[in-house]
Structures are given as C-alpha cells and as structure tokens.
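A closer look at the structure
Listed below, chain by chain, are the residues.
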Amino acid sequence: MNKNLVLTGMMGVGKSTIGKILSDSLNMNFIDTDKIIEKKAQMTVEEIFKHKGEVYFRDIEKEVCFFSLKKDNNVIALGGGAFMDKDLRDKILTECISFWLDLDTTALVKRLKISKKRPLANGKNLEKNLLNIYDQRKSIYKLANFKITCGEKNTQLIVNKIIQLYENK
C-alpha cells in the first residue's frame, strides 16, 4: 500500500481539483475532507460556519481528517485550515507525504471573488482578509514535505511534479 499523499494550502488554491487528478493518475482513492464534513453535518461549510461556528467546524474537521488518515493509498485534500491543527499536522508529517500548494494572494483573490462558498474569505475586505489568513498560515504550511508553487503552471504540470516527488520519496 502507498503512503497517503496529503495536499494542504489556502482555500481556492486547487487542492480538490489537483487531488482528483492525482488520485486517478496514481490509482489511489481520493478524499476531499470538506465534502465529507458537509455530508456528515448535512450542511455546506459556509452553513456550518454561519449556524454552528468555526470551533464546531474545526472539531468535525479534525475527526474527519484523523479518520481519513487511518486508511492507506489515499490522496487527501485538506481544508485550508486543517494543517494548522498541531496533532493532525504531526500525524501527517510522520505518516504521510505532504504537499503545500502555494499560489500568490493576488491570484487567490481573483479565484475567490467568483466563489461565495468560502466563509473565511467572504466579506467586504476579501484581499485584506486573505492576506491576513495567508500570513498566519504560511509558516505552518511550509512544514509540509514539499512546496509546490502553482503560479502560472497548468494543472497537469503541477500534477506531474507532485507525482515525480511522491514516487521518489
């Protein structure tokens, strides 16, 4: 069985999109933790934040992520804040191969202006909020095994780079 491949990074960077392509390419299962959380809570992430709060969301997120990590041979796309949890991060760093998908905040703002499904990015000051979140998280994201700068690269180039690093680890 293959070690789990875990994708972390900011909301909107493409973890779910890239994760699905990676899982197909590597013949592994794909787990999108936000989708599992939504199914479990029978609400969207946005609704959970609105009606139950971030603490409630983080509790479910931690439970779902730990459960997902118990299985082997998975590509796991974490929610943007999941890697901030020290217990979860420690487990990922000792048992999985992790990739930080990084994208400059200007490009993230463009992507997130289109989506209204990101509770921490919603509001009038999207760019300022995003910069604050990125500044808080980048020192933790950089603890991942590998950093992939997405920038102008197309999705297949990113996938190919991750596969190369994953298979040589």
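Structure report, in brief. (Residues numbered from 1 in each chain as written. Predicted model: local features only at pLDDT ≥ 70, side-chain atom pairs only at ≥ 80, totals over all residues. Heavy atoms only, no water.)

What follows is about the environment of Glu 54. For Glu 54, the position within the fold is in helix H4 (residues 54–69). A residue is classified by how much of its surface remains accessible, and Glu 54, at 36% relative accessible area, is partly exposed. Considering only alpha carbons, one finds Glu 54 and Asp 34, 20 residues apart in sequence, at a separation of 13 Å. (Helix = DSSP H or I, 4+ residues; strand = E, 2+ residues; numbered from the N terminus. Buried < 20%, exposed > 50% of the residue type's maximum accessible area, 1.4 Å probe, protein only.)

Pairing within the open sheet is parallel, and its five strands lie in the order S2-S3-S1-S4-S5. Edge positions in the sheet fall to strand S2 (29–32) and strand S5 (146–149), since each of these pairs with one other strand and no more. With strand direction ignored, the average angle separating the axes of adjacent strands in the sheet is 20°. Looking at chain direction, S2 and strand S3 (residues 74–77) are connected through four bridges and run parallel. Looking at S3, one finds that Ile 31 is bridged to Ile 76. Each of strand S1 (5–9) and strand S4 (97–102) touches helix H7 (residues 126–141); the most contacted strand, S4, lies at about 150° to it. Here helix H8 (residues 155–167) sits on the sheet in contact with S1, S4 and S5, set at roughly 155° to S4. (Pairing = 2+ DSSP bridges. Axes fitted to C-alpha atoms, helices over the stretch in contact; angles between N-to-C directions. Contact = heavy atoms within 4.5 Å.)

An α-helix turns once per 3.6 residues; consequently, residues spaced three or four apart project the same way. For helix H5 (residues 86–95), the complete set of buried residues consists of Leu 88, Arg 89 and Ile 92. All buried residues of H5 fall inside an arc of 100° around its axis, so they share one side. Packing partners of the buried residues in H5 comprise S1, H4, S4 and H7. The opening residue of H5, the one whose side-chain oxygen lies 3.2 Å from the backbone nitrogen of Asp 87, is Asp 85. (Arc of directions from axis to C-beta. Polar contact = N/O pair within 3.5 Å; in protein donor to acceptor, adjacent residues only side chain to side chain.)

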